[in-house]
Amino acid sequence: MDTEALRGGDPRALARAISAIEEQQAWTGDLIHELAAEEEGQARTHLVGVTGAPGSGKSTLVDALTSIWRGQGRRVAVLAVDPNSPFTGGAILGDRVRMQRHALDRGVFIRSMGARGHLGGVSLATRATSRLLQALGWEMVVVETVGVGQSELEICEIADSVVLVTTPAAGDGVQVIKAGITEIADIFAVNKADLSGVDGVVRELRQLIRSHTQGGWEAPVLATVASSGPEGAAELAEALERHRQHLDETGERGLRASRRRRDEVVELVGAYATGFARRQPELEVAAGDASEPPERLARRLLGRMAAEERNMGSAGAPPGSRGVGDAG
Ligand SMILES: Nc1nc2c(ncn2[C@@H]2O[C@H](COP(=O)(O)OP(=O)(O)O)[C@@H](O)[C@H]2O)c(=O)[nH]1
Ligand SMILES: [Mg+2]
């Protein structure tokens, strides 16, 4: 790995490092750690999570925000996470085309994070990648996730500020409430405000938020038109700035960062253990033998993993490092 190129902001070096992270190569952890130690201004990175239903306009909105932030001289990295359509997804392709106007700008980095069949892969790779970008001093790191199922809840936990994008389209407002996502969203963008029904959704959301307000932050609800103008994008950028200030003033930013570290460790433990267990050649035979209950078998494997880890000391690779979740 050419760490000099990486430090110098070479996009290809960055892309290679992220691929290594996705492949779960053991050395990437140390590299990020090393870079982080060099980078004094780490605290300046604002990690922004953007979630919402497919087609709600997340990418268009992120594109508008990117232009604003570039105008302020900040570097912007966008990680597009779509667990459902890794790499082949039309949405990602559309994003690429849309972001083309930033293609020659070294201050903009866009990357799609695919699932690649790895267990816990997206979330762990996205976490590590955002740490890498932070270590490299990128001012804005945006994680765009498709708001379906459980994944967006998990992935949004890696952000300082979470923006939920919704639209006046039928049912969207109600969906939001059902998903229980109101608790994790810090800012609401009701996009496609050029369509009818926007006032109703804005009103509905504001009422809901008032009953959920916690920690002294009342999540703003902003109407936006990302595709033309764009309208409301500057207000959204300002709301993000205010939220970041709020996090700093209340100490919540540090709390979120430690929660993130804790969650990441927990997730890694699970991934290492799963990877280790799957690599045990006799597991299949043992699992087929009904005389030992699965619970005891699992504990025995954990014991063996711990023993191996002790024997290897610092000389070897960590137990899960040879491809967490690999079936092989
Ligand atoms: N009418 C209207 N269309 C929009 C708006 N924002 C985005 N779109 C369109 O909605 C579609 C999906 O946008 P995209 O950003 O890819 O959504 P994502 O899947 O949430 O990232 C695209 O065709 C956009 O041009 C808006 O404010 N109004
Ligand atoms: Mg998108």
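Residues numbered from 1 in each chain as written. Chains lettered and ligands numbered in written order. Predicted model: local features only at pLDDT ≥ 70, side-chain atom pairs only at ≥ 80, totals over all residues. Heavy atoms only, no water.

Another point: the sheet that holds strand β4 (residues 140-146). The strands making up a sheet associate through backbone hydrogen bonding, with each pair oriented either parallel or antiparallel. The strand order across the open sheet formed by 7 strands is β3-β2-β4-β1-β5-β6-β7, and the pairing between neighbours is parallel. What marks the edges here is a single partner per strand, and that holds for β3 (108-113) and β7 (221-223). The average undirected angle you get between the axes of adjacent strands in this sheet is 20 degrees. Sheet topology places strand β2 (residues 76-81) next to β4; 6 bridges connect them, and they run parallel. Of the residues in β4, the one forming a bridge with Leu79 is Val143. (Pairing = 2+ DSSP bridges. Helix = DSSP H or I, 4+ residues; strand = E, 2+ residues; numbered from the N terminus. Axes fitted to C-alpha atoms, helices over the stretch in contact; angles between N-to-C directions.)

We now examine the coordination of the magnesium ion (ligand 2). For the magnesium ion (ligand 2), every protein donor is listed as Ser59 (OG) and Glu144 (OE), and the spread of their distances is 2.1 to 2.2 Å. Of the two residues, Ser59 is situated in helix α4 (residues 58-71) and Glu144 in strand β4; the sequence distance between them amounts to 85 residues. Residue Glu144 is classed as buried on the basis of its relative accessible area, which comes to 10%. (Donors = N, O, S within 2.8 Å, 3.2 Å for Na, K, Ca; no water. Buried < 20%, exposed > 50% of the residue type's maximum accessible area, 1.4 Å probe, protein only.)

Moving on: the pairing of strand β1 (residues 46-52). Of all 7 residues in β1, 7 are buried; the element is thus mostly enclosed. Of the two faces of β1, the one lined by His46, Val48, Val50 and Gly52 and the one lined by Leu47, Gly49 and Thr51 are each fully buried. Two elements, β1 and β4, share 7 bridges in a ladder whose sense is parallel. Residue Leu47 lies in a different strand from β4, and its bridge partner there is Val141. Bridge count between β1 and strand β5 (residues 161-166): 5 bridges; the pairing is parallel. From the neighbouring strand, Gly49 faces β5, where its bridge partner is Val162.

For the structure shown, the criterion picks out 19 salt bridges. Here Arg7 ties to Glu34 by a salt bridge, and the two come within 3.9 Å at their closest N and O atoms. Taken together, the residues Arg7 in helix α1 (residues 3-7) and Glu34 in helix α3 (residues 27-38) connect sequence positions 27 residues apart. Residue classification places Arg7 among the partly exposed residues on the basis of a relative accessible area of 31%. A salt bridge links Asp105 to Arg70; the shortest N-O distance between them is 2.8 Å. Here the residue Asp105 occupies a position in the loop between α5 (90-98) and β3, and Arg70 occupies one in helix α4, the gap between them amounting to 35 residues. Shared partners join several salt bridges into a network, and the residues in it are Glu4, Arg7, Glu34 and Glu38. (Salt bridge = Lys/Arg side-chain N within 4 Å of Asp/Glu carboxyl O.)

Aromatic rings in a pair are described by how distant their centres are and how their planes are angled relative to each other. Within this structure, the stated rule accounts for 1 aromatic pair. The ring of Trp138 carries Arg75 above its face, with NZ or CZ at 4.5 Å from the centroid. (Phe/Tyr/Trp six-rings, centres within 6.5 Å; stacked < 30°, edge-to-face > 60°. Lys NZ or Arg CZ within 6 Å of the ring centre and 35° of its normal.)

For the rest of this paragraph, the subject is the nonpolar core. Ranked by size, the top nonpolar core spans 34 residues in total, and within it Trp69, Val163, Ile187 and Phe188 carry the most contacts. If one sorts the elements of this core by residue count, helix α9 (residues 198-210) sits on top with 5 residues. What Ile187 contacts, discounting residues up to four positions off in sequence, is Val162, Val163, Leu164, Trp217, Ala219, Pro220, Leu222, Leu236, Ala239, Leu240 and His243. One finds Leu79, Val81, Met113 and Ala135 within the second-largest nonpolar core, a separate group that totals 27 residues. (Core = buried A, V, L, I, M, F, W, Y, C linked by side-chain atoms within 4.5 Å. Contact = heavy atoms within 4.5 Å.)

Spatial relationships are all this shows, so hold off on functional conclusions.
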